[in-house]
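Chain by chain, the residues run as shown.
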Amino acid sequence: MTARAADTSTGPPARGRGVPAPVTKVFFSYAQKDSPRLERLFAALSAQDDLRVFRDIHDILPTEDWKSRLDSLIRESDTVLFALTPASIRSDTCRWEMGRVAELNKRLVPVVVVPPDDPALVPEIVSKFQYVFLTDAHDFEAGLQQIRFALDLDIGWIREHTRLADLAARWEAAGRPGARALRGQDLEAAEAWLLSHPPNAPEPTALHRAFVIDSRRAQARRQRRTVAGALAALLAVAVLASFALVQRNAAVRNEAIAQRQTEAATLARDDAEAQRGLAEENARRAEAETARAEDALVQVAAERDRAERNFGTARDAINALVFDIAQGLQDAEGLRLESLESILSHAETAVTRLRAATPDNRELRHLEAAMRAEFAEVYAGAGERERALRSAQQAHALLSDLLEEEPDNTGWQSDYTVALERIGDLELQAGQVAAALDAYDESLRLRRALSAADPDNAVARRDLSIGLERVGGLHVRAGEIDAALEAYGEALSIRRALAKLRPSGAEELRDVSVSLENIGDLYMRTGETAAALEAYREGLDIVSRLAERDPGNTMWQRDLAITLNNLGDVSLLAGDAGAAMEAYERSLGIVRRLSASDPGNAVWRRDVSIGLNNVGDLRRRAGDLSAALDAYIESLDIVRDLAASDPGNTEWQRDVTVGLERVGDLGLQMGDRAAAEGAYRDGLDIRRRLAALDPGNTQWQRDLSVGLDRIGDLARVTGDADGALAAYTEALDINRSLVATDPGNRDWRRGIAVSLNRIGDLLLLAGDPDAALANYTEALQIARDLAQVDPSNLEWRHDVAFGLHRIGDLQMRQQDTEAALAAFTEALQIVRELLGIDPRNTLWQRDLALNLNKVGYLRGLAGDLDAALGAYREALAAARGLVAADPDNALWRQDVAISLDAIGNASLQQGESAAARDAYGEALEIRRQLAAEAPGSAAAQADVVTSLYNLSLAAETDVALAALDEALEIVVRLGDQGLLSRAQEAWPGYLRDRIASLQGDGEAPARMTASGSGPR
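Definitions and cut-offs
- Residues numbered from 1 in each chain as written.
- Predicted model: local features only at pLDDT ≥ 70, side-chain atom pairs only at ≥ 80, totals over all residues.
- Heavy atoms only, no water.
- Helix = DSSP H or I, 4+ residues; strand = E, 2+ residues; numbered from the N terminus.
- Buried < 20%, exposed > 50% of the residue type's maximum accessible area, 1.4 Å probe, protein only.
- Contact = heavy atoms within 4.5 Å.
- Areas by Shrake-Rupley, 256 points an atom, 1.4 Å probe, with all protein chains shown as cover.
- Salt bridge = Lys/Arg side-chain N within 4 Å of Asp/Glu carboxyl O.
- Pairing = 2+ DSSP bridges.
- Axes fitted to C-alpha atoms, helices over the stretch in contact; angles between N-to-C directions.
- Phe/Tyr/Trp six-rings, centres within 6.5 Å; stacked < 30°, edge-to-face > 60°.
- Lys NZ or Arg CZ within 6 Å of the ring centre and 35° of its normal.
- Parallel < 35°, antiparallel > 145°, perpendicular 65-115°, else oblique.
- Left-handed = near helix turned anticlockwise from the far one by under 90°.
- Nonpolar A, V, L, I, M, F, W, Y, C, P; charged D, E, K, R; others polar.
- Core = buried A, V, L, I, M, F, W, Y, C linked by side-chain atoms within 4.5 Å.
- Polar contact = N/O pair within 3.5 Å; in protein donor to acceptor, adjacent residues only side chain to side chain.
- Expected span 1.5 Å × (residues − 1).
- pLDDT = per-residue confidence, 0-100.

As named in an unreviewed UniProt entry, the protein is TIR domain protein/Tetratricopeptide repeat protein, taken from Wenxinia marina DSM 24838.

Q: Tell me about the overall build of the protein, and name the residues and values.
A: A tally of regular secondary structure across the protein gives 38 helices and five strands. Considering the protein as a whole, with its 1016 residues, one finds that 52% of them fall into the buried category. Relative to all contacts within the protein whose residues are 6 or more apart in sequence, the contacts with residues 24 or more apart total 67%. When the accessible area of the protein is evaluated, it comes to approximately 45,800 Å², of which 51% is carbon and sulfur surface.

Q: Which residues make up the pattern of salt bridges, and what are the values?
A: Evaluated as defined, the whole model comprises 58 salt bridges. Taking the shortest distance from any N to any O, the salt bridge between D655 and R606 comes out at 2.4 Å. Of the two residues, D655 is situated in helix α24 (residues 650–669) and R606 in helix α22 (residues 602–621); the sequence distance between them amounts to 49 residues. With respect to class, D655 is no different from R606; both count as buried. In this structure, E661 and R710 form a salt bridge, with 3.1 Å as the shortest nitrogen-oxygen distance. You can see E661 sitting in helix α24 and its partner R710 sitting in helix α26 (residues 698–717), a full 49 residues away along the chain. Residues E661 and R710 agree in their burial class; the two are buried. Ionic contacts of the salt-bridge type, sharing partners, join the residues R620, E661, D665, R687 and R710 into one network.

Q: Can you break down unusual backbone geometry residue by residue, with the values?
A: Negative phi characterises most residues that are not glycine, and trans characterises most peptide bonds. In this structure, N105 is a non-glycine residue whose phi angle is positive, near 50°. Summarising the element assignment, N105 is placed in the loop between α3 (92–104) and β4 (107–112). One non-glycine residue, D154, adopts positive backbone phi at about 50°. Tracing the sequence through the fold places D154 in the loop between α5 (140–152) and α6 (155–173).

Q: Just give me the short version of the environment of G623, but keep the residues and values in it.
A: Turning to its location among the elements, G623 is positioned in the loop between α22 and α23 (625–645). Under the relative-accessibility criterion, G623 is labelled buried at 5%. For G623 and L882, which are 259 residues apart along the polypeptide, the C-alpha to C-alpha distance reads 8.1 Å.

Q: With reference to specific residues and values, describe the sheet that holds strand β2 (residues 51–54).
A: With parallel pairing, five strands are arranged side by side in an open sheet as β2-β1-β3-β4-β5. Unpaired on one side and paired on the other, β2 and β5 (132–133) mark the two borders of the sheet. By the bridge criterion, four bridges tie strand β1 (residues 24–29) to strand β3 (residues 79–84) in an arrangement that is parallel. The residue bridging V26 from the neighbouring strand is T79, located in β3. Along the sheet, helix α2 (residues 66–76) makes contact with β1, β2 and β3, crossing β1 at roughly 140°.

Q: Describe the packing of aromatic side chains, and please don't skip the residues or the numbers.
A: Per the stated rule, a full pass over the model turns up four aromatic pairs. For the pair W171 and F211, a centre-to-centre distance of 5.2 Å together with 45° between the ring planes defines the contact as tilted. Highlighted residues: W171 in helix α6 and F211 in helix α8 (residues 206–222), separated in sequence by 40 residues. We note that W171, like F211, is buried. For R55, the ring lying beneath its charged end belongs to F42, and the centroid distance is 4.3 Å.

Q: Describe the packing of helix α12 (residues 362–381) against helix α13 (residues 385–405), naming the residues involved and giving the relevant values.
A: Following both chains from N to C, one finds α12 and α13 inclined at 155°, their axes separated by 8 Å at the closest point. As the angle between them shows, α12 and α13 are arranged roughly antiparallel. In this structure, the crossing between α12 and α13 has a hand that is left-handed. Across the interface between the two elements, R362, R365, H366, E368, A369, R372, A373, F375, A376, Y379 and A380 of α12 pack against R387, A388, S391, A392, Q394, A395, L398, L399, D401, L402 and E405 of α13. Considered class by class, the residues forming the contact of α12 with α13 number twelve nonpolar, three polar and seven charged.

Q: How would you explain the pairing of β4 if you had to name every residue and give the values?
A: Within β4, six of the six residues are buried, which leaves it mostly tucked inside the rest of the structure. With burial as the criterion, each face of β4 is covered, one bearing R107, V109 and V111 and the other bearing L108, P110 and V112. Here six bridges tie β3 to β4, and the two strands are oriented parallel to one another. For V80, the partnering residue across the bridge sits in β4 and is L108. The pairing of β4 with β5 spans two bridges and is classified as parallel. Counterpart to V111 in the pairing with β5 is V132.

Q: Break down the environment of R620 for me, citing the residues and quoting the values.
A: Note on placement: R620 falls in helix α22. Along the sequence, R620 and N841 sit 221 residues apart, while their C-alpha atoms lie 10.0 Å from each other. R620 has contacts with L625, A628, Y632, D665, L666, Q669 and T842, leaving out every residue within four places of it along the chain.

Q: Please provide a residue-by-residue account of the nonpolar core, values included.
A: Within soluble globular proteins, side chains that are nonpolar tend to cluster in buried spots. Residues V800, L804 and L848 are the most contacted members of the largest nonpolar core, which totals 60 residues. Setting aside residues no more than four positions away along its own chain, V800 makes contact with L780, A783, R784, A787 and I830.

Q: Can you explain the environment of D720? Please cite residues and give values.
A: Mapped onto the elements, D720 comes out in the loop between α26 and α27 (721–741). Judged by its relative accessible area of 38%, D720 is partly exposed. In terms of polar contacts, D720 uses its side chain to reach the backbone amide nitrogen of G723, at 3.0 Å.

Q: How would you summarise the packing of helix α14 (residues 410–429) against helix α16 (residues 458–477) if you had to cite specific residues and measurements?
A: For the pair α14 and α16, interaxial distance at closest approach is 11 Å and the crossing angle is 20°. Taken together, the axes of α14 and α16 are roughly parallel relative to one another. Where α14 crosses over α16, the handedness of that crossing is left-handed. Contacts from S414, E421, D425 and L428 of α14 reach α16 at D463, I466, G467, R470, L474 and R477. In terms of residue class, the contact of α14 with α16 is made up of three nonpolar, two polar and five charged.

Q: Give me helix α37 (residues 957–976): which residues, what numbers.
A: The end-to-end C-alpha separation of α37 is 28 Å, in line with the 28 Å expected for 20 residues at 1.5 Å each. Here α37 has its buried residues at A960, L961, A963, L964, A967, L968, I970, V971 and L974. Once α37 ends, the next one or two residues include G978, with phi positive near 70°.

Q: Summarise the confidence of the model for the protein; cite the residues concerned and give the values.
A: When the pLDDT values of the protein are averaged, the result is 82; 81% of them are 70 or greater. Across residues 260–265, confidence stays below pLDDT 50; counting only partners more than four residues off in sequence or on other chains, it has eight contacts. Here residues 296–304 is a poorly scored stretch, pLDDT under 50, and it has 15 contacts once near neighbours within four places are set aside; other chains count.

Okay, here's the thing in C-alpha cells:
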C-alpha cells in the first residue's frame, strides 16, 4: 500500500515580501509496510523550506476516490521519489503509480531502501534510472545529498513541465477550447521551453506539445484582424525552428563522430584480441575505449532524438501558423492587397529560410508545398487569379518531385490532389476547360484509389466527394445533365454516410448542404422545381442551424445567403413572389454585411451583385421600375470593377453581360432605346468573345443566343426588320444545336420556342402569315410539352398562354374568329389560374387585360355586345389597378385608354352615346397627357388623333367638328414633317370627309383606324 490520499506537506510557509520563494513539490511513493523505515527520510526532506512533500497518512475518508486523489498529487508534483524495497515492487498500487509517472513523463528518483530480492519485478521505468542507495549499510547524509542534488537538477525546467502539464490537462478536460489556450508571453515562453529541453530531464508529453501548438493556432486565429501579430509569432517560431534545426544537425554530426569513434575502438579491440601476446594491458585499454565510445554513442543518439523532437515541434508550429494565417487571410476584414502581399511574403520568407538550412529535407519541401497551396486559395479569394495559379502550380511541382522520390506516401498524394483541384478551379475561371478537366480527372482518379485503399478513412472519402463535385460541375457546364446528376448523387451519398458517423460534425453537415445545393441547382436547370425545392429546403435547414451555432462564421453565413437565394428562385417559379422577395432581401442583407466587413473580398462583392439583381428583378416584376434600375446599376458597377481587376476571369466577364442585359431590358421598357442599345451591344460583344474562347461551353452558347434575341428585339422596335430577323435566326440555330446535344434540356428547348415566336412576328409583318403560323404552332407545342412535364413551373404555363395569344392574333387577322376566340379563351383561363397563385404579378395582370380586350372584341363581332362590354370593363379594371400601383407607367396608362376606347365602341353600337362620350373623353385626356410628356413622339400624337376622331362619333356636332379640326391640324403637321406611316397617310382624307359629312356637304366616310380602315 502506498501514498494514496491526503496532502501532508510540511515545512514553514514562504517568507519575505513580494513573490513567494519557489517550492519544489515531491510525491513520495512507497509501500505502506515500509512506512516506519522511511520516517527519517520523510522528516529530513520535510524540514527543508523549499520542498513540499506529498505522502499518505491515515485520514482518508472511506468514501473518497483515493486513486483520483493520488493521480492529482502525482500530476502536481515536480519529482516522484520511489522507495525501492521488496514490498514496493510487489505492490499493485505502486505499479499503478509508476505507470502514471511514465504516462506523464515525470522526473523519477528511485531510492533503494531495502535491496529488491527479485530484480525482474522492478517496474521498467524504475530500472531505467540511476539509483540512490539509502540502505542501513549506506551513509544517510551522503544519500540525502544525492537525493537533494537530483531534486534540484534543472528544477526551473522541471517546474514548468509540471505547470504546463496541469494547464494542458485542464485544457484537454474542457474539450480543448481556445479560451483556455496559452497567450502572449506565456505562449512564447512555452514554445521556448519546448525547444530548451535539458539532457537529463524527462521529455515533454504529447499533450504538452499539442497544447502549445494549438495555443499558437488559437492565437493566430484571434489575431486575424491584426495579422501582424500572427506574422510576428510565425517569425519567432521560425527562429526557434532554425535553432532546433541547428541542434538536430549538430546532434546528427556528433552521432556520426561517435559512430566513427566506436568503429575505431572496436577495430582496436579486435586487433588487440588478435595479438594477445603483445600485452594484456593493450586489450584492457581497447576494451575501455570501446565502452566509452559506446556510451558516447548512446548519449549522442539520445541528443539526436531530442533534437529531432524539438525540430518536429517547431516544424509543426510553423505548419500550423502558416495554415492558419492563410485561412485567416481568407476571412480577414478590411485587408488591402498591399497588406496581403506583405504578409504572405513574410510568411514565405520564414519557410524558405528554414528550408535553406537543409534544401533536400523532404518534410520542409512538403511544408512549402502545403503553404503555396493555401496561399493560392488566399490569392484567389482576393481576385488575384494569376498569382493564385502560379502559387498552385508551384505546390504541384514540389509535390510531384516528392512523389517521384516516395510514390507510396499517401499524405503527399492527398495534398497533390488538392493542388490539382486548385489549378483546375483557376483554369476554369480563365475559360480553359480542357486544362481544368485534365486536372480534375487526375485528382479524381487518385482520390478514388486513396479511398479504395483505406475505406474507413473519412478524410479520403470526403476528398473523393469534393473531386466528384468538381467533375459534376464540368458536366453541368457541358450540358451533360445525367452525368452531372450521377457525380453529384455519389458525392451526396458519401457525405450523408460521413454525417451519419458524426451527426453533430459541422464540416460533415455543411458538406451535405453543399451537395444538396448542387443537386437543387441541377433540378432547377431541368425544370423539376418540386425536387429542387425539396433539396433547397433540406439544405436551408442545415445551414440555418450552423449559422445559429456560430454567427461569426463567415463561411456559414455565406452558405445561408446562397441557400436563401436558391429558395427565392424556386419560390418565384412557384408563383410565391412574397416568399421570394423575403428570401432575396434576407440573403442580400447577409452578403452586404459580409462585404462591408471586408470590401476587398471579391467573392462577397460578387454575392452582393447577385443579390441586387434578384431584388431588382422582383421590383421590376412589381412595376417599381425606378427601384429596379437602381438595383441593376449598383450590381453592374460591382461586376464591372471586378472584371476590370482581372480581365481574364471569364466568370466575372459573364456577370457583366448579365448586368448589361438587365439594364438594357429595363431601358427598353422605360422607352430609353439608346441606353438599351448600348447595353445590349456591349453585352453581345463580350458573349461572342466568351463563346469563341470555348465553343464547347454550352452555357456561353446559350448566353450568346439570349444576347442575340435582345439585339433582335431592339432592331425590331427601331424598324430594322432585316437586322432583327438575322439576330433571331442566329439565336434559333444556336438553340437547335444545343438541343441536338441534349434533347432533354428543357431550358434549351424553351429557347427554341422564344426564337420561333420572335421570327413568327417578323414573318407576319412581312406578309407571310402561313410561315408565321408554322413558327407559332411549333413554339406553342414546345411550351405545352414543358408545362405538362412540370405543371408547377408557372413560367412555362405562362409561355403556353403567350403562344395562344400570338396564334389568336394571327387567326383574328385572317378573320378566323372562331379559332381566334378559342385561343384567347384558353389563354385567358391560364392567366386567371396564374393570377390566382400570384395576384401581384403585374406582367400577368397586363396579360389579363390584353386577353380580355381580345375576347371582348370577338364577342362583339359575334353580336354579343353585353359579353363584349363585360370583358372590356374587366380589362379596364385590371389596367386601372396597374396604373394605381405606378401612375407614371406610360404603357399601363395607354392600356387604360385602349380599354376605354373598346367600351366606347361597344356602347356606341348599343346606342349609348353618353356612355361612349364619357369613355372616349377619358381616353382622350389620358392620351393628351402622354403626348405632353413625350412632345417629340409621333406615335403619341397619332394616338391623340385617334381619340379625337372617336369622340367625334359620339359628341354633338359642334364638339365633333372641333375635335375633327384639331385632329386634322395634328395630322397635317405630322405629314409635313414626314412622320406619318404609309397607312396613316390616308388619315387627312378620312378626316376631311368626316368634317364634310357633319357639315352636310358629303357622305359619311368609313371608320378611320390606325391601319386606314376597319376596327381599331
